[in-house]
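Overview (structure and organization)
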Amino acid sequence: MELLGSKKKRRLRVLVPLALVSALVLALGEIPALAEYFFARGVTRFLSGCLNLITNYIPFSFYELTAVLLIVGGVALAVGLVFLLCKRQWKRLSLWLYRLALAALCVLLAFGVLYAPLYCRGSVLPALGLSDTEITREKLYAAAEFYVERLNRASEQLERDEEGNVIPTSTFSELSARINEEYGKLQTGYFAEFEVRAKEVALSVPMSYLGITGIYFPFYAEANVNVNIPPYELPVTMAHEIAHAKGVSQEGEANVAAYVLCIRADDAYLNYSGLMRAVASLLNSLPQEEYEVLYDSLSEEVKREYRNANAHYARYEGAIDAVSSFFNDIFLKANGVAGGTRSYSQTAASLVSLYEQLAFSEQ
């Protein structure tokens, strides 16, 4: 009994300090000044850069490998715990639970250093050269009309396959390099300067059933992209995940960064990708009558591609997608994103601001 008690004390001497340190790091990361200048532009960026040096040049996705191992390991762990419980092997059960708690705290601490503080840093808008603007119904319609016209023009510059989908003008790796080049033009100190080579997910079809088009995994500083998505979505999805790797954690802000980068780029394929998403976002924010007017003004090629995309995603909707969205929503809210997954579409103000900037430059 004394030996058992001493083991318990030794384990507590490890777990309690680790839990306190994790709580302290998470608390410090919620202080805006520290989140911005100590973590986002300091410790977090340095450590992510070090991880990036290792994983950037290895072609396969460490996230994907880890996900498979966690699923297999999680099932094995659950079976093992039930077995020990049924056999009443309390010592081994206690050891397993201790190791599980230790691993969970280590992951929590790593997350607290590598990503959590980014949720509390300053807005990405100044780094993109955008300012806050008041949204009116007239401005929203004018911006949507502007983007619709640009989308039709961008569509004319691209070739399509027999199904009506745009044909990518570059390979996956070339596209990644192009997007990094665009981020490199934003010399504000807000974005990490190291190159982030996006990775194709081999298990993209299973990822589609989970409703995930891409995922940034901070523990490896990896931007993973589901390649089982409509071709027009690839650039803006990749730009979104690379935005996470470069220090933008809020989903809505990563969307804005991706849209702005693609729309401003001197590349028709990137323009088209950003405009397709921007137009969809703005049209869905308009009243039905105005929506119908602008939708009718889209070219038939663009309309067909939207229909193709809707049909593609409809194939993967179901219970798994709903569960995945539910847990993703919880995760976002737990990290201070008040709107949860709804924040993904809170980009109208930024798109109006970008419209005002682009329209002014064209005058």
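One can find the structure itself at the top, above this paragraph.
This section reports on the structure supplied with the text. (Residues numbered from 1 in each chain as written. Predicted model: local features only at pLDDT ≥ 70, side-chain atom pairs only at ≥ 80, totals over all residues. Heavy atoms only, no water.)

**Details of the packing of helix α8 (residues 234-245) against helix α10 (residues 268-283)**
To keep things clear, this is the line we draw: As a rule, the C-alpha atoms of each element are fitted with a line to give its axis, helices using only the stretch in contact, and angles between N-to-C directions run from 0 to 180 degrees. Secondary structure elements follow DSSP: runs of H or I no shorter than four residues count as helices, runs of E no shorter than two count as strands, and numbering proceeds from the N terminus. Here the angle decides the label: under 35 degrees means roughly parallel, over 145 means roughly antiparallel, 65 to 115 means roughly perpendicular, and every other value means oblique. Contacts were defined at the residue level, with two residues in contact if any of their heavy atoms lie within 4.5 Å. Only Asp, Glu, Lys and Arg are considered charged, only Ala, Val, Leu, Ile, Met, Phe, Trp, Tyr, Cys and Pro nonpolar, and every remaining residue, Gly among them, polar.
Interhelical geometry of α8 versus α10 gives an angle of 85° and a closest axis separation of 7 Å. With respect to α10, the element α8 is oriented roughly perpendicular. Together, Leu 234, Pro 235, Val 236 and Thr 237 of α8 and Tyr 269, Leu 270, Ser 273, Gly 274 and Arg 277 of α10 make up the contact between the two elements. Considered class by class, the residues forming the contact of α8 with α10 number 5 nonpolar, 3 polar and 1 charged.

**Overview of the pattern of salt bridges**
Formally: By salt bridge we mean one thing: a side-chain nitrogen of Lys or Arg within 4 Å of a carboxyl oxygen of Asp or Glu. The cut-offs for exposure are 20% and 50% of the maximum accessible area for each residue type, with area from a 1.4 Å probe on protein chains only; residues under the lower value are buried, those over the upper are exposed, and the others partly exposed.
Applying the stated criterion across every chain, the model contains 14 salt bridges. A salt bridge links Glu 182 to Lys 185; the shortest N-O distance between them is 3.1 Å. Glu 182 sits in the buried class, given a relative accessible area of 7%. With relative accessibility at 51%, the residue Lys 185 sits in the exposed group. The residue Lys 303 makes a salt bridge to Glu 300 at a minimum N-O spacing of 3.5 Å.

**Digging into the packing of aromatic side chains**
Quick reminder of the rule: By convention, a stacked pair of Phe, Tyr or Trp rings (six-membered ring in the case of Trp) has centres within 6.5 Å and planes under 30 degrees apart, an edge-to-face pair has planes over 60 apart, and any other such pair is tilted.
Taken as a whole and judged by the stated rule, the model has 16 aromatic pairs. Between the aromatic rings of Phe 38 and Phe 39, the centroid separation amounts to 4.9 Å while the plane-to-plane angle is 90°, which identifies the pairing as edge-to-face. A residue is classified by how much of its surface remains accessible, and Phe 38, at 45% relative accessible area, is partly exposed. Centroid distance Tyr 115 to Tyr 216: 5.6 Å. Interplanar angle 45°. Geometry classified as tilted. Of this pair, Tyr 115 sits in the loop between α4 (90-114) and α5 (137-156) while Tyr 216 sits in strand β2 (residues 214-217), placing them 101 residues apart in sequence. Considered together, Tyr 115 and Tyr 216 belong to a single accessibility category, that of buried residues.

In short, the description is geometric, and any link to function would need to be established separately.
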